[in-house]
Amino acid sequence: MPDRSVDAHTRSRTPGAGVGHPTLATARLTLRAPAGSDVARIVALAGNREVSHFLARVPHPYSAADARAWLAYLQQAHAREVAFALDDGTGLIGVISFRALDETPEIGYWLGREYWGKGYMSEAAPVALGWLFGATATHAVAARASTVNTASHAVLSRAGFARTGPDVAGERDQTFRLDRAAFFACMMI
Ligand SMILES: CC(C)(COP(=O)(O)OP(=O)(O)OC[C@H]1O[C@@H](n2cnc3c(N)ncnc32)[C@H](O)[C@@H]1OP(=O)(O)O)[C@@H](O)C(=O)NCCC(=O)NCCS
């Protein structure tokens, strides 16, 4: 029987080389492995403070060395993250990633500022989630978004996520969870 566990998936993929890292498509976007040729776009887009403001793991200012370090990490055999570059045909316009692959994976995403409000993330997130649930034995995906990040809440809600927190009063972030069954039920509607 094939081993469909997340860990097996993580070990087998090498995103930079495109081996074991699928290329997915939506109506307007290609979801592919991020590559060294994306560094300049990542720096230009993720370097915008409006973009990184809500991203815990994207420092500001953001340098080419930061981007290269992230890409190098993704290609390591023990990486616990898999990431997709969102490409509209002109190049990378954003990223979706799943971290903590060996636990409950957590989705994270961003788009360059000029690409907001066009429905791109609502279009791409379900396809990336469909791949994760289809290619691995993942039971649930977690998410975290600032209380005021209404665009992100809308993306999560549309993909079927339910709010689970915060558990602690005064916590800045809201937490969300999407169970495998809930995702497929949401996609049937
Ligand atoms: C969050 C983010 C990825 C949303 O992507 P997007 O493609 O712009 O979102 P969509 O166009 O699919 O819009 C989703 C919903 O949010 C709404 N929306 C979009 N931008 C908005 C904004 N600035 N303020 C309020 N609502 C907004 C849309 O109208 C849509 O609502 P609807 O479903 O009722 O029509 C994007 O704003 C972004 O990259 N932000 C910075 C990084 C970030 O916050 N990442 C998430 C961290 S948890």
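See above for the structure.
Residues numbered from 1 in each chain as written. Predicted model: local features only at pLDDT ≥ 70, side-chain atom pairs only at ≥ 80, totals over all residues. Heavy atoms only, no water.

We now examine the side chain of H153. As for its placement among the helices and strands, H153 is situated in helix α6 (residues 150–159). With a relative accessible area of 15%, H153 lands in the buried category. Among all residues touching H153, those that are not within four sequence positions of it are A145, S146, T147, Q174 and F176. (Helix = DSSP H or I, 4+ residues; strand = E, 2+ residues; numbered from the N terminus. Buried < 20%, exposed > 50% of the residue type's maximum accessible area, 1.4 Å probe, protein only. Contact = heavy atoms within 4.5 Å.)

So, about helix α4 (residues 64–74). Within α4, the full set of buried residues consists of A67, W70, L71 and L74. Buried residues of α4, seen end-on, are gathered within an arc of 95° and therefore sit on one face of the element. On the buried face of α4, the contacting elements are α2 (39–46), β3 (82–87) and β4 (92–99). (Arc of directions from axis to C-beta.)

One pass over the full model with this rule turns up five aromatic pairs. When the ring of F183 is compared with that of F184, the centres are 5.1 Å apart and the planes differ by 70°; the resulting orientation is edge-to-face. F183 gets classed as buried once you look at its relative accessible area, which sits at 2%. On the basis of relative accessible area, F184 is assigned to the partly exposed category, the value being 37%. (Phe/Tyr/Trp six-rings, centres within 6.5 Å; stacked < 30°, edge-to-face > 60°.)

What follows deals with the pairing of strand β8 (residues 173–179). With five of seven residues buried, β8 is to be regarded as a mostly interior element. Summarising the sheet, strand β6 (residues 140–146) and β8 pair through seven bridges and their orientation is antiparallel. Bridge pairing in β8 places V141 opposite L178. Note that strand β7 (residues 162–165) and β8 share three bridges and pair antiparallel. Its bridge partner lying in β8, R163 is registered against F176. (Pairing = 2+ DSSP bridges.)

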